[in-house]
Amino acid sequence: MEAIAFYGFAALAIASGLFILFSKNLIYAAFALFLAFLGVAALYVLAGADFLGVSQIMIYVGGVLVLLIFGIMLTQKANKSNDPSRHNRVEILIRRETWGFLLGAGFFVVLVKIIFSSDFKMTGDSMTSKSTIRTIGVELMTSHLLPFEIVAILLLVSLVGAAYLAMNRNPMP
Amino acid sequence: MNHIPIQHYLLVGAALFCIGLAVAVTKRHFIGILLGIELMLNAVNINLVAFSRHDPERLSGQLFALFVIVVAAAEVTVALAIILRVYGQFKTVDPDEVSELKK
């Protein structure tokens, strides 16, 4: 049962990724990214990371993806047409497409070779089925306190920076 | 629980990473490139979470993945603000056409 769920969600994530790669319409690609994020969140839960799965759904699907779709809609082309296949179209040069596929496929072959030639010896005991929230909270407040505070400052800085960069987009001369 | 070998998680992560790399290289659209980068960050997180299965006391991998998620969210906000500014300046979202610092 768990294996079926794992391979199903892995296939969902990879198929959505391939759809993003081959889709010419950027809005469709963004919605496929939604499915890919859901698949990855399910993989987190299957790997025993329940807190990360929920944060993945809340942060990526609730925040990042909405932001990306807003960005796509705010950067529409000026010349509108009624042909639905022309909206948000991304033209891809043939040469660039070839290089992209070659790069991706070559790197994938290298990674698969590395994964199959490596021999992992897991020393720690495997995860029990209890929730990870308590461990994550204790670790964040004890041994990972400094990164936690730095991340808080980073979020504040990026919030202020994004608001400053995005405001006053068309200044009056 | 946990009958799935770790190599399968790593294979899924490798496939997603390479798809994200190809997306980031081929798309001629700033937001398309961002989509590819998000996919790559997710693929890396799968690896971290998969190895963290065997570290139930400290969960270092999951904490690292949490920080990666937060940094990715910060990166997307700043990148979108920059993209909106570039679009207001150049009226295009094609990275090949944005080649000047000042117009």
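Our structure's up above, just so we're on the same page.
Residues numbered from 1 in each chain as written. Chains lettered and ligands numbered in written order. Predicted model: local features only at pLDDT ≥ 70, side-chain atom pairs only at ≥ 80, totals over all residues. Heavy atoms only, no water.

J.: So what exactly am I meant to see when it comes to the interface of chain B and chain A here?
T.: Quoted interface sizes are often the accessible area lost when the parts come together. The interface of chain B with chain A comprises 68 residues on the first partner and 82 residues on the second. Surface buried jointly by chain B and chain A totals about 7200 Å² across both partners, of which 76% is contributed by carbon and sulfur atoms. Viewed at the interface, chain A and chain B are joined by zero salt bridges. Counting across the interface, chain B meets chain A through eight residue pairs in polar contact (both at pLDDT 80 or more). Those elements that provide at least two residues to the side of chain B that touches chain A are helix H1 (6–26), helix H2 (30–52) and helix H3 (60–90) of chain B. With 22 residues, the top contributor of residues to the side of chain B that touches chain A is H3(B). Class assignment of the residues belonging to the side of chain B that touches chain A gives a composition of 46 nonpolar, 14 polar and eight charged. (Contact = heavy atoms within 4.5 Å. Buried area = accessible area lost by both parts, 1.4 Å probe. Salt bridge = Lys/Arg side-chain N within 4 Å of Asp/Glu carboxyl O. Polar contact = N/O pair within 3.5 Å; in protein donor to acceptor, adjacent residues only side chain to side chain. Helix = DSSP H or I, 4+ residues; strand = E, 2+ residues; numbered from the N terminus. Nonpolar A, V, L, I, M, F, W, Y, C, P; charged D, E, K, R; others polar.)

J.: Teacher, can you tell me more about a nonpolar patch on the surface here?
T.: Side chains of Val66(A), Phe70(A) and Leu74(A) sit close together on the surface and give an oily, nonpolar patch of about 270 Å² of accessible area. Val66(A) gets classed as partly exposed once you look at its relative accessible area, which sits at 39%. (Patch = residues over 30% accessible without salt bridge, like charges linked within 9 Å, V, L, I, M, F, W, Y side chains within 5 Å. Areas by Shrake-Rupley, 256 points an atom, 1.4 Å probe, with all protein chains shown as cover. Buried < 20%, exposed > 50% of the residue type's maximum accessible area, 1.4 Å probe, protein only.)

J.: Before we go on, may I ask you to explain the nonpolar core in this structure?
T.: Most often, soluble globular proteins have nonpolar side chains that are buried together. In this structure, Ile20(A), Leu33(A), Leu52(A), Leu68(A), Tyr9(B) and Ile46(B) are the most contacted members of the largest nonpolar core, which totals 67 residues. Where this core is concerned, the elements lending two or more residues are helix H1 (2–22), helix H2 (26–46), helix H3 (50–74) and helix H5 (133–141) of chain A together with H1, H2 and H3 of chain B. If you tally residues by element for this core, the top one is H3(B), at 15 residues. Mapping this core onto the domain boundaries places at least three of its residues in each of domain 1 (1–76 + 88–99) and domain 2 (131–167) of chain A. If we ignore the near neighbours within four places in the chain, the residues touching Leu68(A) are Leu33(A), Ile31(B), Leu34(B), Leu35(B) and Leu80(B). (Core = buried A, V, L, I, M, F, W, Y, C linked by side-chain atoms within 4.5 Å. Domains from an automatic or database assignment.)

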